[in-house]
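Summary of structural features
The chain contents come next:
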Amino acid sequence: MGVSPQAKYLAQIILVGAQVVGRAFMRALRQEFAASRAAADARGRSERPQSAAASRIIGISLQEAQQILNVSNLNPEEIQKNYDHLFKVNDKSVGGSFYLQSKVVRAKERLDEELRIQAKDEKEKGWKAET
């Protein structure tokens, strides 16, 4: 009792189709990894090493933090004013979103860290100028 020729052909067609789809999926996955790596490298080059490290630790880039808090430069007063407003508006007790409120907090943390890095850099430049 053998297997019919049609069943063999059908099995071969299914096997070849699965191989083609598998290869296409792996190729697309490799391309996505390469694109992701290139984007991460480009993002790392655009920021100073300490700033890039802060972005990775906090999980938000400097540009994204500036967009969330709607600030174009690192002015501590403007950052605090926008933070206070957005934090109150997104408070859950007044019908706001906890998710958005947490994004506002992370953005403020990221901008505060950038201000700290800038102050440290300026302090180091001052020491080097004195020597």
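Summary of the structure given here. Nothing here was measured: the structure is a model prediction, and the numbers come from that model.

**Quick notes on the overall build of the protein chain**
Tallying secondary structure elements over the protein chain gives five helices and zero strands in all. Listing every helix and strand of the protein chain by position from the N terminus yields α-α-α-α-α. Looking at the protein chain residue by residue over its 131 residues, the buried ones come to 20%. Taking contacts inside the protein chain between residues at least 6 apart in sequence as the whole, the part at least 24 apart equals 56%. Accessible area of the protein chain: about 9900 Å², with a carbon and sulfur share of 59%.

**Some words on the nonpolar core**
In this structure, I60, L62, A65, L69, V71, L74, I79, Y83, V104, A107 and L111 together form the largest nonpolar core, which totals eleven residues. Counting residues per element, the ones that place at least two in this core are α3 (62-69), α4 (76-89) and α5 (98-130).

**Let's talk about a nonpolar patch on the surface**
Together, F25, M26, L29 and F33 give the surface a local cluster of nonpolar side chains, amounting to about 400 Å² of exposed area. Secondary-structure assignment places F33 in helix α1 (residues 5-46). Judged by its relative accessible area of 52%, F33 is exposed.

**With respect to the side chain of Q66**
By the secondary structure assignment, Q66 is in helix α3. Those residues within four positions of Q66 in sequence are excluded, and the remaining contacts are V71, S72, N73, L74 and L111.

**Description of the packing of aromatic side chains**
Applying the stated criterion across every chain yields a total of one aromatic pair. Between K108 and the ring centre of Y83, over which it is positioned, the NZ or CZ distance is 5.5 Å.

**Description of α3**
By the burial criterion, the buried members of α3 are L62, A65, Q66 and L69. Around the axis of α3, the buried residues are gathered within 100 degrees of arc, so they sit on the same side. Just past α3, the residue N70 takes up positive phi, approximately 55 degrees.

**Re the environment of G96**
Mapped onto the elements, G96 comes out in the loop between α4 and α5. Distance from G96 to L86, taken between C-alpha atoms, is 9.8 Å for residues ten residues apart in sequence. When near neighbours in sequence (up to four residues on either side) are disregarded, G96 contacts V89, N90 and D91.

**Digging into the pattern of salt bridges**
Throughout the structure, instances matching the rule amount to five salt bridges. Two residues, K108 and D112, come together in a salt bridge whose shortest N-O distance is 2.8 Å. Of the two residues, K108 and D112 are both situated in helix α5; the distance of four residues between them amounts to about one turn of the helix. Judged by relative accessible area, which is 12%, K108 ranks as buried. A relative accessible area of 32% means that D112 is categorised as partly exposed.

The rules behind these values
- Residues numbered from 1 in each chain as written.
- Predicted model: local features only at pLDDT ≥ 70, side-chain atom pairs only at ≥ 80, totals over all residues.
- Heavy atoms only, no water.
- Helix = DSSP H or I, 4+ residues; strand = E, 2+ residues; numbered from the N terminus.
- Buried < 20%, exposed > 50% of the residue type's maximum accessible area, 1.4 Å probe, protein only.
- Contact = heavy atoms within 4.5 Å.
- Areas by Shrake-Rupley, 256 points an atom, 1.4 Å probe, with all protein chains shown as cover.
- Core = buried A, V, L, I, M, F, W, Y, C linked by side-chain atoms within 4.5 Å.
- Patch = residues over 30% accessible without salt bridge, like charges linked within 9 Å, V, L, I, M, F, W, Y side chains within 5 Å.
- Salt bridge = Lys/Arg side-chain N within 4 Å of Asp/Glu carboxyl O.
- Phe/Tyr/Trp six-rings, centres within 6.5 Å; stacked < 30°, edge-to-face > 60°.
- Lys NZ or Arg CZ within 6 Å of the ring centre and 35° of its normal.
- Arc of directions from axis to C-beta.

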